[in-house]
Amino acid sequence: MHPLIKRILARLLSALLVLWLAASTAFVAIHALPGKIEDVLAGDLQYPGLREAISAQWGLDRSLAWQYGHFLERLAHGDLGSSYVMQQDVIQVLSSQIWPTVQLALSAGVLATVLALVVATLTAGRSRLSRRLASAVELILASTPVFWLGLLLLIAFSFQWRLFPVSGATGWKSLVLPAVTLALPLAGVLSQVTREALEQALEQAFVTTIRARGLGELALRLRHLLRHALLPVVTLGGWLIGSLLGGAVITEKMFGRPGVGSVTLNAVLSQDLPVVLAVVLLAALIHVVISTLLDVLYLFIDPRLNTP
Amino acid sequence: MTTSQPALPDSILSHDTQVPPADVRPARQRRRWPLGVILALLFLAVLAIGLVVPHWLTRYDPLLSDVSQTLQPPSLQHLFGTDRIGRDVLARVLYGARYSLLIGLASVIVSLVIGLVIGIAAGLGQRYLNEPAARVFDVLSAFPAVLLSLFVVTFLGQGIVNIAIGVGIAGIPKFGRIVRSRTLQVRRANYVTHAVTFGLSRWQVFLRHLLPNVLNAIPVIATIDIGTAIIAVSGLSFLGLGPQPPTPEWGVMLAESRDVLRVAWWPSVFPGLAITLTVISISVLGKYWQRNFEGRPQ
């Protein structure tokens, strides 16, 4: 078998394993606290037989093994259960809310990556001053909490200059501030790592060769070094996705945007376990899928890995 | 070089001298602390005073509201201004240091202790322990950190202790992976083999040789991680899952300041500045320590 296919298959297998373990961990976690589910479902209601009826309805009176099998079977069919609070299928709830979050995460992710690549490509290995300046800005951005940056941007661009709306999700204007808020801290981290990789690459012999051939500095960086700068971005891809999804919770709350983040936060506040569980599993799934894809992409960006 | 070789001083050639070679001492004297490190230390010192004896730095009570002084902009009387119900923002930021720093620290301890136990067990155990532990870390890091913390808080309920645990659990794989790979490295090191050859018991080898060498990488990483933990913790507080108002926790203060954002910038700027400067200071110190630590032969 072709080594590439073999590698992808191995990666997919371990991804499946991770997903199964994640689901099982969640199952164990839910059942580690006895009586909790009935309590949440019953809420403040207290009358005899209520808890038993709830147990029967949700299958909580069966054996744990049956519940576990049932749980996995449902998951395999893409059934994530119903929300305790909203009495609605979790899938429906999430799919109606996923688009604004995808918009936000995607634009923030692209913005962060492009910013980091531009800054790193332009400043790596340049004068001491510009390097110091860049790394200071990176440190500040990487250390700024999303929820504070959002407030600062709101003060400046919504209240002072009235350029962008304070909240909502209508039109591209309402996307600008949340996306920038989410992107800047991530761009700081990405740029730190990218610049380090670029500076290492700049010391390699092939750079001297290319310079000796008379290629301009910018062309050298764009044509030959960008590939090196991409590697750490790809390596950090999984982390980036996770941070985008996690940051969406805070950003959506701050800008009053609808989305999976808001749904998650409300579910956490009302202890709506199936919804939280579904979001967490969905995030794990996205994480696993994307990091598998990135792994494959890595092989194309860095052909050195293909040679055994 | 060959033409005018200066005569070596006698002290270097003689064996009984106590003077170290001449080029070593100036180097040690020359090593000055960078400006960034000094600033970071200064900031953290002020913060430490705020943590232990905040009343030395402010005469205001962080919880006492003064209705005649609501939303005063920064002035000499109130350096950071006052909030919606007339509480002094500087006092609240200073008193808040203990919440944010201590919860952050607690969560790092949670991830450190659990990561250490799983990591060492995985590194020392046979294959059947090693592989599953690696997978556990894979699983934990497949969940985005914030979502994992939210998941844990959903179970345990809201509150200060629970967000520390939630953030701590999300940090386990970071420490666990490092400890596991260090353990695998150290157990194969020559000095461990020698110690075993010399007849030390398992416990003696573990306590005297393995543990110190696995642990020596930890303080630096833990220090840098406190910054991440502080951001995560105050994020959960901002979402309303941790300490509740009127607690002067920085994340809570930021959440409260949203209501008056239109008219007053100071209640939101200063607590956030405190978080950011804390995180920057910690990471400047941690990285400086890491560089010097790595430069030193072990």
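Positions within a chain are numbered from 1, following the residues in the order the chain's sequence is written. As a convention, the first chain written is A and the first ligand written is 1, with the rest following in written order. In keeping with the model being predicted, local features are shown solely for residues with a pLDDT of at least 70 and side-chain atom pairs are shown and tallied solely at 80 or more, while totals for entire chains, interfaces and linings include all residues.

Some thoughts on the overall build of chain B
Across its full length, chain B holds 13 helices and zero strands. In chain B, the order of α-helices and β-strands from amino to carboxyl end is α-α-α-α-α-α-α-α-α-α-α-α-α. Counting other C-beta atoms within 10 Å of each residue's C-beta, where C-beta atoms are placed from the backbone, gives the exposure class: buried for 20 or more, exposed for 12 or fewer, partly exposed between. The buried share of chain B, reckoned over its 298 residues, is 42%. By definition, residue pairs are in contact when their C-beta atoms, positioned from the backbone, come within 7 Å. Pairs at least 24 apart in sequence give 67% of the contacts found in chain B among residues at least 6 apart. Numbered from the N terminus, helices here are DSSP runs of H or I no shorter than four residues, and strands are runs of E no shorter than two.

Points about the overall build of chain A
A count of helices and strands for chain A gives 13 helices and zero strands. Shown N-terminal to C-terminal, the secondary structure of chain A runs as helices and strands in the order α-α-α-α-α-α-α-α-α-α-α-α-α. Burial status across chain A gives 35% buried among its 308 residues. Considering only residue pairs separated by 6 or more positions, chain A has 74% of its internal contacts joining residues 24 or more positions apart.

As for the packing of helix 5 (residues 90-123) of chain A against helix 11 (residues 237-255) of chain A
Each pair of packed helices gets described by two things: the angle between the helix axes and the distance between those axes. Residue and element names in this part refer to chain A. Every angle, taken between N-to-C directions, lies between 0 and 180 degrees, and every axis is a line fitted to C-alpha atoms, over only the stretch in contact when it is a helix. Running from N to C, helix 5 and helix 11 point in directions that differ by 125 degrees, and their axes come no closer than 10 Å. Put simply, helix 5 runs oblique to helix 11. In this structure, helix 5 crosses over helix 11, and the sense of that crossing is right-handed. Of the residues in helix 11, those in contact with Thr101, Leu104, Ala105, Ala108 and Gly109 of helix 5 are Leu240, Leu244, Leu245, Ala248 and Thr251. All amino acids are sorted into three groups, where Ala, Val, Leu, Ile, Met, Phe, Trp, Tyr, Cys and Pro are nonpolar, Asp, Glu, Lys and Arg are charged, and the leftover types, Gly among them, are polar. Counted by class, the contact of helix 5 with helix 11 contains seven nonpolar, three polar and no charged residues. Roughly parallel covers angles under 35 degrees, roughly antiparallel covers those over 145, roughly perpendicular covers 65 to 115, and oblique covers all other angles. In this scheme the crossing of two helices becomes right-handed for a clockwise turn of the near helix relative to the far one and left-handed for an anticlockwise turn of less than a right angle.

As for the interface of chain B and chain A
Counting from both sides, the interface comprises 33 residues of chain B and, opposite them, 37 residues of chain A. At eight residues, the largest contribution of residues to the side of chain B that touches chain A is made by helix 6 (residues 145-156) of chain B.

Concerning unusual backbone geometry
Leaving glycine aside, a negative phi is the common case for residues, and trans is the common case for peptide bonds. In this structure, Pro246(B) follows Pro245(B) across a cis peptide bond, with omega equal to 5 degrees. Mapped onto the fold, Pro246(B) is located in the loop between helix 11 (218-238) and helix 12 (250-257). Of note in this structure, Arg162(A) is not a glycine but carries a positive phi near 55 degrees. Structurally, Arg162(A) can be placed in the loop between helix 7 (146-160) and helix 8 (173-202). Not every positive phi belongs to a glycine, and Leu71(B) is a case in point at roughly 50 degrees. Here Leu71(B) shows up in the loop between helix 3 (35-52) and helix 4 (89-124). The class for Leu71(B) is partly exposed, based on 15 C-beta atoms found within 10 Å.

Notes on the environment of Ala97(B)
Residue and element names in this part refer to chain B. Here alanine 97 is to be found in helix 4. With 23 C-beta atoms counted inside 10 Å, the residue alanine 97 sits in the buried group. Excluding its chain neighbours within four sequence positions, the residues that come into contact with alanine 97 are Leu47, Gly50 and Leu51.

Some words on the nonpolar core
For soluble globular proteins, the rule of thumb is that nonpolar side chains tend to be buried together. Among the nonpolar cores identified, the biggest contains 136 residues, and Ala183(A), Val276(A), Val280(A), Leu147(B) and Val233(B) are the most heavily contacted of them. The leading source of residues in this core is helix 4 of chain B, at 15 residues. Residues contacting Leu147(B), with those up to four places away along its chain left out, are Leu245(A), Gly246(A), Val279(A), Val280(A) and Ala283(A). Residues of type Ala, Val, Leu, Ile, Met, Phe, Trp, Tyr and Cys that are buried and joined through C-beta atoms within 7 Å form what is called a nonpolar core.

Looking at the confidence of the model for chain B
Do not read the predicted coordinates in detail wherever pLDDT is low. All names here are of chain B. The quantity known as pLDDT measures the predictor's confidence residue by residue, on a range of 0 to 100. Averaged over all residues, the pLDDT of chain B is 83; the fraction at 70 or higher stands at 88%. Here residues 8-17 is modelled with pLDDT under 50, and outside its nearest four sequence neighbours on either side it reaches four contacts, counting other chains as well. Prediction confidence for the complex, expressed as pTM and ipTM, is 0.84 and 0.83 respectively.

Overview of helix 6 (residues 128-143) of chain A
Helix length check: helix 6 of chain A, at 16 residues, gives a terminal C-alpha distance of 22 Å against a target of 22 Å (1.5 Å per residue), a fit within 8%. Among all positions in helix 6 of chain A, only Glu138(A), Leu141(A), Ala142(A) and Ser143(A) are buried. A helix is expected to span 1.5 Å multiplied by its residue count minus one.

Notes on the environment of Gln88(A)
Residue and element names in this part refer to chain A. Tracing the chain through its elements places glutamine 88 in the loop between helix 4 (64-76) and helix 5. When the 12 C-beta atoms within 10 Å are taken as the criterion, glutamine 88 is described as exposed. It is 56 Å that separates the C-alpha atoms of glutamine 88 and leucine 220, two residues lying 132 residues apart in sequence. Non-local contacts of glutamine 88, meaning those with residues more than four positions away in its chain, are made with Ser82, Ser83 and Val93.

A short note on the environment of Ser191(A)
All names here are of chain A. Here serine 191 lies in helix 8. For serine 191, a count of 29 C-beta atoms within 10 Å gives the class buried. A C-alpha to C-alpha distance of 8.6 Å links serine 191 and serine 135, two positions 56 residues apart in sequence. Once residues within four sequence positions are removed from consideration, serine 191 is found in contact with Ala116, Val119, Ala120 and Glu138.

Some details on helix 7 (residues 160-170) of chain B
Along helix 7 of chain B, the positions that sit buried rather than exposed are Ile163(B), Ala164(B), Gly166(B), Val167(B), Gly168(B), Ile169(B) and Ala170(B). Taken together, the buried residues of helix 7 of chain B touch helix 4, helix 6, helix 8 (172-187) and helix 11 of chain B.

Some words on the packing of helix 7 of chain A against helix 8 of chain A
Residue and element names in this part refer to chain A. With their axes 9 Å apart at the nearest point, helix 7 and helix 8 run at an angle of 135 degrees to one another. By the angle between their axes, helix 7 is oblique relative to helix 8. Both helix 7 and helix 8 take part in a crossing whose hand is right-handed. Together, Val146, Leu149, Gly150, Leu153, Leu154 and Phe157 of helix 7 and Leu177, Val180, Thr181, Leu182, Leu184 and Pro185 of helix 8 make up the contact between the two elements. When its residues are assigned to classes, the contact of helix 7 with helix 8 shows ten nonpolar, two polar and no charged.

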